[in-house]
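Examining the three-dimensional arrangement
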Amino acid sequence: MAAPTSFLSEIVALFGRPVAENPTQYMHEQAFASLGLPWRYVTLEVPPESLPDAVRGMRAMNFAGANCTIPHKIAVMEHLDEITPTARKIGAVNTLVRQADGSLLGENTDGKGFICSVRETGLDLSGVGAVVLGAGGAARAIAVELAVAGAGALTIVNRTEGRGAELAAQVQERTGVPTTFAPWSGPYAVPADTQLLVNATSIALFPDVEDEVPVDYSTLRSGLVVSDVIPNPPDTPFLRKARAAGATTLDGLGMLVYQGAIAFKMWTGHEAPVDVMRGALEEVFSGGD
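Here we take up the packing of helix H5 (residues 137-148) against helix H6 (residues 161-175). The interhelical angle for the contact between H5 and H6, taken along N-to-C directions, is 30°, at an axis separation of 10 Å. On the basis of their axis angle, the class for H5 and H6 is roughly parallel. The chirality of how H5 crosses H6 is right-handed. Contacts between H5 and H6 involve Ala139, Arg140, Ala143, Val144 and Ala147 on the former and, on the latter, Leu167, Gln170, Val171, Arg174 and Thr175. Broken down by class, the residue content of the contact of H5 with H6 amounts to 6 nonpolar, 2 polar and 2 charged.

Moving on, we come to H6. Between its first and last C-alpha atoms H6 spans 21 Å; for 15 residues at 1.5 Å apiece the expected length is 21 Å, and the two agree. Along H6, the positions that sit buried rather than exposed are Gly164, Leu167, Ala168, Gln170 and Val171. Down the axis of H6, the buried set is contained in an arc of 165°. They therefore lie on one face. Exposed positions of H6 whose direction lies more than 90 degrees from the buried face are Glu161, Gly162 and Glu173. Where H6 is buried, its residues touch H5, strand E8 (153-158) and strand E9 (179-183). A positive phi of about 80° marks Gly176, the residue just after H6.

This paragraph deals with the nonpolar core. In terms of nonpolar packing, the biggest core is built from 32 residues, with Phe114, Leu125, Ile142, Leu146, Leu154 and Leu196 touching the most fellow members. Counting only elements with at least two residues in this core, the list comes to helix H4 (110-119), strand E7 (129-133), H5, E8, H6 and strand E10 (196-199). With residues up to four places along the chain from it excluded, the contact list for Leu196 reads Phe114, Leu123, Leu125, Gly129, Ala130, Val131, Leu146, Leu224 and Val225. Counting residues in each nonpolar core, the second largest holds 21 residues, with Val12, Leu253, Val257 and Ala272 among its members.

Turning next to the sheet that holds E8. Strands sit in the order E9-E8-E7-E10-E11-E12 across an open sheet of 6 strands; the sheet is parallel. What marks the edges here is a single partner per strand, and that holds for E9 and strand E12 (248-250). Sheet twist, expressed as the average angle between the axes of neighbouring strands with direction ignored, equals 20°. Two strands pair when backbone bridges link them, and E7 and E8 are joined in this way by 5 bridges, in the parallel orientation. Across the sheet, Val132 pairs through a bridge with Ile156, a residue of E8.

Overall, mixed pairing links the 6 strands, which are arranged E2-E1-E3-E5-E6-E4 in an open sheet. In this open sheet, the two edge strands, each paired with only one partner strand, are strand E2 (39-45) and strand E4 (82-83). In this sheet, strand E6 (residues 104-107) lies alongside strand E5 (residues 95-98) in antiparallel orientation, the contact comprising 4 bridges. By the bridge assignment, Val97 is partnered in E6 with Leu105. Contacting strand E1 (10-16), strand E3 (65-68), E5 and E6, helix H2 (residues 51-60) crosses the sheet at an angle of about 175° to E1. Here helix H8 (residues 252-268) sits on the sheet in contact with E1, E2, E3, E5 and E6, set at roughly 15° to E5.

Another aspect to go through is the pattern of salt bridges. One pass over the structure, following the stated rule, counts 13 salt bridges. For the salt bridge of Arg59 with Asp81, the shortest nitrogen-to-oxygen distance reads 2.9 Å. In this pair, Arg59 is assigned in helix H2 and Asp81 in the loop between E3 and E4, connecting sequence segments 22 residues apart. Owing to a relative accessible area of 32%, Arg59 belongs among the partly exposed residues under this scheme. When the shortest N-O distance is used, the salt bridge between Glu145 and Lys112 registers 2.8 Å. In this pair, Glu145 is assigned in helix H5 and Lys112 in helix H4, connecting sequence segments 33 residues apart.

How each quantity is defined
Residues numbered from 1 in each chain as written. Predicted model: local features only at pLDDT ≥ 70, side-chain atom pairs only at ≥ 80, totals over all residues. Heavy atoms only, no water. Axes fitted to C-alpha atoms, helices over the stretch in contact; angles between N-to-C directions. Helix = DSSP H or I, 4+ residues; strand = E, 2+ residues; numbered from the N terminus. Parallel < 35°, antiparallel > 145°, perpendicular 65-115°, else oblique. Left-handed = near helix turned anticlockwise from the far one by under 90°. Contact = heavy atoms within 4.5 Å. Nonpolar A, V, L, I, M, F, W, Y, C, P; charged D, E, K, R; others polar. Expected span 1.5 Å × (residues − 1). Buried < 20%, exposed > 50% of the residue type's maximum accessible area, 1.4 Å probe, protein only. Arc of directions from axis to C-beta. Core = buried A, V, L, I, M, F, W, Y, C linked by side-chain atoms within 4.5 Å. Pairing = 2+ DSSP bridges. Salt bridge = Lys/Arg side-chain N within 4 Å of Asp/Glu carboxyl O.

Following this line, the structure appears as structure tokens:
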């Protein structure tokens with residue numbers, strides 16, 4: 001076997017805290033290897049007070065890009081040279097890309113990954129009526145991207161009225177799509193004109209895998225697409241009950257894979273090996289069995 005002619009690797013990283021259990025590195029390293037790319041992905045624990053130094057460091061060391069997770073998705077924006085219009089509407093960034101001139105671009109691929117995943121079901125998002133459960137970062141990204149994709153009307157359902165109403169107002173103001181808030185004080189009855197229902201909360205995330213999303217499951221039906229952003233476990237009680245009611249279901253692995261695939265192409269210029277990436281995550285979440 002011939003020796004390599006270059007020992008230089010392109011580096012991308014994850015900035016966050018905590019990050020020890022985040023599987024993104026494994027997913028991307030498997031993808032790089034499958035295409036024979038001399039790229040490396042490193043997971044770095046970065047406390048909030050060190051974020052400015054981390055961004056300066058990635059510039060100095062010529063990193064090709066990075067992902068940002070909690071607690072940096074909003075704070076990182078002031079340290080970048082350019083932010084995409086959609087990321088500005090969302091108000092958060094999860095992907096950094098070093099551009100040809102050395103400047104850093106901020107993008108949010110979370111909601112875009114969700115849209116790619118939903119489209120696999122065949123659902124036409126043009127004019128769709130969607131209900132988003134939750135008002136955190138995932139809900140914000142998903143709601144904005146649904147609006148950009150052509151949704152006709154959105155409803156934000158949340159236990160904390162102030163946070164939910166604020167998100168609904170922001171989505172409508174920034175996208176022009178009618179967005180209302182609905183309080184979540186008990187099992188939520190899904191309106192009959194809903195085509196897409198999304199759980200964007202952390203309910204049933206490992207280790208609380210048997211927790212149930214409080215909706216009125218008798219209001220779920222055939223023809224409704226029900227999605228859960230929880231990737232671990234992929235098949236949640238919410239999705240199992242939705243399937244039993246005749247709904248089409250979509251697990252959280254798809255969103256996680258596609259948001260990574262979008263970042264992969266932005267960094268490398270190559271189409272991402274989506275099957276390899278999903279297989280890597282399935283291996284991680286199954287415990288390697």
